[in-house]
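Chains, contacts and geometry: an overview
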Amino acid sequence: MRLLYFAWVKEKAGIAAEEIEPPAHVGTVGDLIAWLKTRGPEFENAFARSEVIRAAIDKSHVRHDAKIAGAREIAFFPPVTGG
Amino acid sequence: MRLLYFAWVKEKAGIAAEEIEPPAHVGTVGDLIAWLKTRGPEFENAFARSEVIRAAIDKSHVRHDAKIAGAREIAFFPPVTGG
Amino acid sequence: MIRVQKEDFDIGAEIARVRAGRTDIGAIVAFIGSVRDQAGEVSEMTLEHYPGMTETELERIEAEAKARWPLQASLIVHRVGTLEPGDNIVLVVTASQHREAAFEAARFLMDYLKTRAPFWKRESGPGGSRWVEAKADDDEAAADWNKKPAAE
Amino acid sequence: MIRVQKEDFDIGAEIARVRAGRTDIGAIVAFIGSVRDQAGEVSEMTLEHYPGMTETELERIEAEAKARWPLQASLIVHRVGTLEPGDNIVLVVTASQHREAAFEAARFLMDYLKTRAPFWKRESGPGGSRWVEAKADDDEAAADWNKKPAAE
């Protein structure tokens, strides 16, 4: 699946997009965040305040307990600040 | 004092403005309306639903119990419908 | 700033004038009221007003809005005379740092204007001509502002 | 109608397009959000967004407004890229027969846009550059709409 990062999540992670294949035990968005944090200090830093990180699956807002099975694109970003 | 009439009050009264000298017993706007109604059928018709008629003394909204002493200009009109 | 005029107004130009040269405005709300034709019933609308009192009332209403909300600028333009369906009647513009004040003040200005500014509308159409009746709703909308707390 | 673009928008022309050829509109509300410079602290603002999701969310928000209020037309234009103090960021226009619906829907669109549309602002100034923090107020404003009754 494709991961996208925006705003300060992107800056801290040091990457805008990547293709990943998470291990089988990663069932939810929350699990995915926990797994990403194990991938290195940049990711640990980007997701340190994981409770404020927002997520979208296939361009729709989801909560951290959303299942990721079947997702083609998952995005992580800070609370939005448009308007 | 000068009296002004607007919108359907003006149409019914058949006059837009006039100078009057009301009798001494006319103390309030309500008294003035009652006195105007005695001046002929046009005025009786114009002020028939006197409770809906709005008044202004010297270009400020007033209630029917407002005193008219010292007024230079008194206007009568229906509820406003601008905007 | 308030204006009563027969001529149409240019909405874009009026808004541009309100904000000209300023970089401290974060939110602008503009309200435009226009002549509405209900199913071919209205071909013309004539707006009468009470010259002198109209301007005084509009200035009073604007001052009241500025006392209630932190506005950086505001504008009321109201037309008089004969208009056609689709024509502009009124423009209200409010400018503030934040959207809440701009929205609330614009709505307040319209609610008050509708119940206090001495304008009267007469509609003409195929069925004849009639003075527009005031709405009880408008009185209630204006009265509601007195129940609300003052500026944030 | 929604648009995401780098270019500025012409407020007067956008409003004219919303109402073009219609005589059934009685009330138009336009909201303009612009880059605000707080005491010389902001010299530049950059808006990042999530292409594809942004458009989807704006369309969803607009559809929700049209389901709640009797709108005859609406428009959301949001800019992305690098802007300066005084520059336009967002334009929301709502058109209805009566002012209540136009005001409420415009405010709803802004409240929802602020909490759901994937835009992020980064401000730069003499003191460096920082991502703008989301406001708890905005979340509350958006959540409040779920406590209110549906369209009048």
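Now for a description of the structure that goes with this document. (Residues numbered from 1 in each chain as written. Chains lettered and ligands numbered in written order. Predicted model: local features only at pLDDT ≥ 70, side-chain atom pairs only at ≥ 80, totals over all residues. Heavy atoms only, no water.)

Mapping chain C onto chain D is achieved by rotating through 180 degrees and translating by 0.0 Å along the same axis, at an RMSD of 0.0 Å. The two molecules are tied by a two-fold rotation axis, judged by turn and shift. Closest approach to the rotation axis among the C-alpha atoms of chain C is made by C:Gly12, whose C-alpha sits 2.0 Å away. (Least-squares fit on C-alpha atoms with pLDDT ≥ 70 in both.)

Before going further, it helps to spend a moment on the pairing of strand 4 (residues 71–79) of chain C. Residues and elements named next belong to chain C. Summarising burial for strand 4: 9 of the 9 residues are buried, a large majority. The pairing of strand 1 (residues 2–5) with strand 4 spans 4 bridges and is parallel. When the bridges of strand 4 are listed, Arg3 appears paired with Val77. As defined by bridge partners, strand 4 adjoins strand 6 (residues 88–96) across 7 bridges and the pair is classed as antiparallel. Looking at the pairing, Ile76 lines up with Val92 of strand 6. (Buried < 20%, exposed > 50% of the residue type's maximum accessible area, 1.4 Å probe, protein only. Helix = DSSP H or I, 4+ residues; strand = E, 2+ residues; numbered from the N terminus. Pairing = 2+ DSSP bridges.)

With 20 residues of chain B in contact, the opposing surface of chain C contributes 27 residues. Summed over both sides, the interface of chain B with chain C buries roughly 1,900 Å², with 57% coming from carbon and sulfur. Of all residues in chain B, B:Lys59, B:Thr81 and B:Gly83 bury the most surface against chain C, accounting for 35% of the area lost on that side. Taken together, the links from chain B to chain C amount to 2 salt bridges. Across the pair C:Glu48 and B:Lys10 runs a salt bridge whose closest N-O atoms are separated by 3.0 Å. (Contact = heavy atoms within 4.5 Å. Buried area = accessible area lost by both parts, 1.4 Å probe. Salt bridge = Lys/Arg side-chain N within 4 Å of Asp/Glu carboxyl O.)

With that settled, consider the pattern of salt bridges. Applying the stated criterion across every chain yields a total of 38 salt bridges over all chains. Residue C:Arg130 pairs with C:Glu123 through a salt bridge whose shortest N-O separation is 3.1 Å. Each member of the salt-bridge network shares a partner with another, and the members are C:Arg99, C:Glu100, D:Asp111 and D:Asp138.

A separate point is the packing of aromatic side chains. In total, this model carries 28 aromatic pairs over all chains according to the counting rule given. An angle of 50 degrees between the planes, with centres 5.1 Å apart, marks the rings of B:Phe77 and C:Trp120 as tilted. Separated into two different chains, B:Phe77 in strand 5 (residues 73–77) and C:Trp120 in strand 7 (residues 119–125) make up a pair that spans both. Here the aromatic cluster, defined as three or more aromatic residues joined through ring pairs, consists of A:Tyr5, A:Phe43, A:Phe47 and A:Phe76. Positioned above the aromatic ring of B:Trp8, the side-chain terminus of B:Lys12 is 4.6 Å from the ring centre. (Phe/Tyr/Trp six-rings, centres within 6.5 Å; stacked < 30°, edge-to-face > 60°. Lys NZ or Arg CZ within 6 Å of the ring centre and 35° of its normal.)

What follows concerns the interface of chain C and chain D. Across the contact, 37 residues belong to chain C and 37 residues belong to chain D. Summing both partners gives a buried area of about 3,100 Å² for chain C against chain D, and 49% of it is carried by carbon and sulfur. Of all residues in chain C, C:Arg36, C:Arg99 and C:Phe103 give up the largest surface area on contact with chain D, accounting jointly for 23% of the area buried on that side. The shortest N-O distance in the salt bridge between D:Arg99 and C:Asp138 comes to 3.0 Å. Where chain C touches chain D, the interface holds 19 residue pairs in polar contact (both at pLDDT 80 or more). When contributions to the side of chain C that touches chain D are tallied by element, the ones reaching two or more residues are helix 1 (11–19), strand 2 (27–34), helix 3 (99–116) and helix 4 (136–144) of chain C. By residue number, the principal contributor to the side of chain C that touches chain D is helix 3 of chain C, which donates 9 residues. (Polar contact = N/O pair within 3.5 Å; in protein donor to acceptor, adjacent residues only side chain to side chain.)

We now examine the sheet that holds strand 7 (residues 119–125) of chain D. As a general point, the strands of a sheet are linked pairwise by backbone hydrogen bonds and lie either parallel or antiparallel. All names here are of chain D. What the 4 strands build is an open sheet, ordered 5-3-7-8; its pairing is antiparallel. Strands at the two margins of the open sheet, each flanked by one partner only, are strand 5 (81–83) and strand 8 (128–131). Neighbour-to-neighbour, the strand axes of this sheet turn through a mean angle of 20 degrees, independent of strand direction. Pairing analysis gives 3 bridges linking strand 3 (residues 44–49) to strand 5, with the strands arranged antiparallel. The residue bridging Met45 from the neighbouring strand is Leu83, located in strand 5. (Axes fitted to C-alpha atoms, helices over the stretch in contact; angles between N-to-C directions.)

Residues and elements named next belong to chain D. Mapping Trp145 onto the fold places it in the segment after helix 4 (136–144). The exposure class of Trp145 is buried, given its relative accessible area of 3%. Separated by 111 residues in the primary sequence, Trp145 and Ser34 have C-alpha atoms spaced 24 Å apart. Trp145 has contacts with Arg68, Trp69, Glu104, Arg107, Phe108, Asp111 and Tyr112, leaving out every residue within four places of it along the chain.

Residue and element names in this part refer to chain C. Between its first and last C-alpha, helix 2 (residues 53–68) extends 23 Å over 16 residues, near the 22 Å set by a 1.5 Å rise per residue. Those residues of helix 2 that fall on the buried side of the exposure criterion are Met53, Thr54, Glu57, Leu58, Ile61, Glu62, Ala65 and Arg68. Considered in projection along helix 2, the buried side chains sweep an arc of 165 degrees and stay on one side of the axis. (Expected span 1.5 Å × (residues − 1). Arc of directions from axis to C-beta.)

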